[in-house]
Structures are given as C-alpha cells and as structure tokens.
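Here is what each chain is made of, one letter per residue.
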Amino acid sequence: SQKIEQNSEALNIQEGKTATLTCNYTNYSPAYLQWYRQDPGRGPVFLLLIRENEKEKRKERLKVTFDTTLKQSLFHITASQPADSATYLCAPFRMDTGRRALTFGSGTRLQVQP
Amino acid sequence: DTEVTQTPKHLVMGMTNKKSLKCEQHMGHRAMYWYKQKAKKPPELMFVYSYEKLSINESVPSRFSPECPNSSLLNLHLHALQPEDSALYLCASSPGGVKAYGYTFGSGTRLTVV
C-alpha cells in the first residue's frame, strides 16, 4: 500500500536560516505533489503544487523540489521567520486510479526561534 | 468569494443526539470533501463528492451520513456518535475534473462527543 513519510515530527531552527522539510513516498508514482501549511485549530492552507515533470517550483521564500527517482520532495523556506512556525503537510497525488483525493503525510511541525 | 465556510465552529453533542455539520463554498468548485483530524495527526479522508455525486466513501461508519444538496453545499449528518469520534472535521473543495489544483479548506468544526 502507498506510504507517505515526512521527516521528524518537529524541526527547530533559528530565525533567518533555511528550513528544509522532507517528504518521501513509496509504492506509487504521483502525478503531482502538494504542500500545505496548517496552524493549530485551523484548516490546511495550500502553498505549492509541483508536477512530476517539474524539478523545482518557487513562490516568494518557498521552494519545492520533486525527485521522482528518489521518490522524494523537499520543501525549503529561506530567511525563515517566527511567523513561519506551523505544521507543514505534503500530499502526493496519483492520477492512475479512480481515487482522486489527497492523502496527507504525517506532517512536520516547524518552530522558528527568534 | 474564495472561502469555504463551515458551521458551527464548535459542537458538543451527546451520544444519542442527531446533529449536522454544514459546509458552503461559492467558488464554483465541483468537488467537495470531508476530512477528519485527530490531535497531532494529519487530516484523514472520509468522503468525496464530485459533481454532486458521492465518489469516495473511505469505509466510514454509517453513523456519519454525507449529503450534497447542490454544488455549493455539503452536509455531514451525525447520529449516535461515540466519544472517539471527537475530532476536528474539515471540509474542502477543489475545481474538480482532471487538472491539478490545490484544495481550499474551511476552518473546521471542533466536535466533542460526550
């Protein structure tokens, strides 16, 4: 069965540094992969989508890479700020079945220290 | 309007009660979703409606009954719930079809079953 793993439950970094979050998946080949941010008690907020034929996508301080050989996506936040503290969820999406819905990884809780 | 609105925000119900959760969007999205989220876990898919038809039921107990009266509205009817059903219930929508889009989530209904 398909499996989605995100590195460490929590990641603590200093303000101004680059945060790098990892999403690994097994047993399937997603057509694209999405990243979301979730704050406590709130719904996830869509950040970025990257397709299988794209190596990298950027949006302001955010960068996502997608390596279909390694079955891995990396999510980077450059010049991190305390306001970036949240849980980040990855969601690889497969198109080869009738099951068209997002399944989320376990999430990584990012804490940016001032 | 770029929001998904969920009501109520909080709900406390007894195990013998019947209640409903409501979700509304006016973005013209044709796919709508219910997710359940327990503390420190990622959202788990419950139901998917595509063009007002139920397309995915993730083996959810019959005490949860979804309904999609029209393309803008999604309900989740609750009956005879158990304390372990206490969770954050999230509604989401997406344009639908085969193109890749991020989901728009509501802020959720925090349900407590006593």
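Reading the values: the criteria
Note that residues are indexed from 1 along each chain, following the sequence as it is written. Written order decides the labels, with chains lettered from A and ligands numbered from 1. Only residues with pLDDT of 70 or above have their local features reported here, since the model is predicted, and side-chain atom pairs are shown and tallied only from 80 upward, although totals for entire chains, interfaces and linings are computed over all residues. Computation of side-chain values covers all heavy atoms of the structure but excludes hydrogens and water. Labels follow the DSSP assignment, with helices taken as runs of H or I lasting at least four residues and strands as runs of E lasting at least two, numbered in each case from the N terminus. The size measure is the radius of gyration over C-alpha atoms, and the globule rule it meets is 2.2 Å times the number of residues to the 0.38 power. The buried label goes to any residue with under 20% of its type's maximum accessible area, the exposed label to any with over 50%, and the partly exposed label to all in between, with areas taken from a 1.4 Å probe on protein chains only. Pairing between strands is defined by DSSP: at least two bridges between them are needed. Between N-to-C directions, angles span 0 to 180 degrees; the directions come from axes that are lines fitted to C-alpha atoms, helices contributing only their stretch in contact. Each pair of aromatic rings taken from Phe, Tyr and Trp, with Trp reduced to its six-membered ring, is defined by centres within 6.5 Å and is described as stacked if the planes are under 30 degrees apart, edge-to-face if over 60, and tilted in the remaining cases. Pairs of N or O atoms are called polar contacts if they sit within 3.5 Å, as long as, within protein, a hydrogen donor faces a hydrogen acceptor (for residues adjacent in sequence, only side-chain-to-side-chain pairs). Residues count as neighbours in contact if any of their non-hydrogen atoms are within 4.5 Å of one another. When a carboxyl oxygen of Asp or Glu lies within 4 Å of a side-chain nitrogen of Lys or Arg, that pair is called a salt bridge.

J.: Could you give an account of the overall build of chain A, with specific residues and numbers?
T.: When its secondary structure is counted, chain A shows zero helices and ten strands. Put simply, chain A runs from its N terminus to its C terminus through helices and strands in the order β-β-β-β-β-β-β-β-β-β. Computed over the C-alpha atoms, the radius of gyration of chain A is 14 Å, within 12% of the 13 Å expected from 2.2 N^0.38 for a compact globule of 114 residues. In terms of principal-axis extent, the alpha carbons of chain A reach across some 45 × 30 × 20 Å. Looking at chain A as a whole, 45% of its 114 residues qualify as buried.

J.: Please give an account of the sheet that holds strand S7 (residues 64-70) of chain B that cites residues and values.
T.: Sheet strands associate in pairs through backbone hydrogen bonding, adopting either a parallel or an antiparallel arrangement. Residue and element names in this part refer to chain B. Sheet architecture is open: four strands sit in the order S1-S3-S8-S7, paired in antiparallel fashion. Edge positions in the sheet fall to strand S1 (4-7) and S7, since each has one partner strand and no second. Looking at each pair of strands side by side, their axes are set apart by 20° on average, direction ignored.

J.: Could you give an account of the sheet that holds strand S10 (residues 108-113) of chain A, naming the residues involved and the relevant values?
T.: Residues and elements named next belong to chain A. One open sheet holds the five strands; their spatial order is S2-S10-S9-S4-S5, and the pairing between them is mixed. Each having just a single partner strand, strand S2 (10-14) and strand S5 (45-51) make up the two edges of the open sheet. Across the sheet, the axes of successive neighbouring strands diverge by a mean angle of 25°, strand direction being ignored. Relative to strand S9 (residues 86-93), strand S4 (residues 32-38) runs antiparallel, the two sharing seven bridges. Note on S9: the bridge partner recorded for Gln-34 is Ala-91.

J.: Would you mind going over the packing of aromatic side chains in detail, with residue names and values included?
T.: The geometry of two aromatic rings is summed up by the distance between their centres and the angle between their planes. Tallying each qualifying case throughout the model produces 15 aromatic pairs over all chains. Seen in terms of ring centroids, A:Phe104 and B:Tyr35 are 5.8 Å apart; in terms of plane orientation they differ by 65°. Their pairing is edge-to-face. Highlighted residues: A:Phe104 in the loop between S9 and S10 and B:Tyr35 in strand S4 (residues 31-37), drawn from two different chains. Each member of the pair, A:Phe104 together with B:Tyr35, is buried. A ring pair is formed by A:Phe104 and B:Phe105, whose centres lie 6.0 Å apart and whose planes are at 55°; its orientation type is tilted. One end of the pair, A:Phe104, is in the loop between S9 and S10; the other, B:Phe105, is in strand S10 (residues 104-105), on a second chain. Cluster of aromatic residues (ring-pair linked, three or more members): A:Tyr36, A:Phe46, A:Phe104, B:Tyr33, B:Tyr35, B:Tyr103 and B:Phe105.

J.: Residue-level account of the side chain of B:Ser94, with values.
T.: All names here are of chain B. By the secondary structure assignment, Ser-94 is in strand S9 (residues 87-94). In terms of polar contacts, Ser-94 uses its side chain to reach the side chain of Tyr-33, at 2.7 Å. Not counting residues up to four positions away in its chain, the partners in contact with Ser-94 are His-29, Arg-30, Ala-31, Tyr-33, Gly-102 and Tyr-103.

J.: Could you give an account of the pattern of salt bridges, naming the residues involved and the relevant values?
T.: Pairing of side chains with opposite charge becomes possible as their charged atoms draw close. Scanning all chains against the criterion turns up nine salt bridges over all chains. For A:Lys57, the salt bridge identified is with A:Glu54, shortest N-O distance 3.7 Å. A salt bridge links B:Lys22 to B:Glu24; its shortest N-O distance comes to 3.8 Å. Among the charged side chains, a salt-bridge network with shared partners connects B:Lys36, B:Arg63 and B:Asp85.

J.: Explain unusual backbone geometry to me, and be specific about the residues and the numbers.
T.: Residues B:Thr7 and B:Pro8 are joined by a peptide bond in cis, for which omega reads -10°. Looking at the secondary structure, you find B:Pro8 in the loop between S1 and strand S2 (10-13). Even without being a glycine, A:Lys71 presents a positive backbone phi close to 55°. Note on placement: A:Lys71 falls in the loop between strand S7 (62-67) and strand S8 (72-77). Located in the positive-phi region is B:Lys40, a residue other than glycine, with phi close to 65°. Checked against the element boundaries, B:Lys40 lands in the loop between S4 and strand S5 (44-50).

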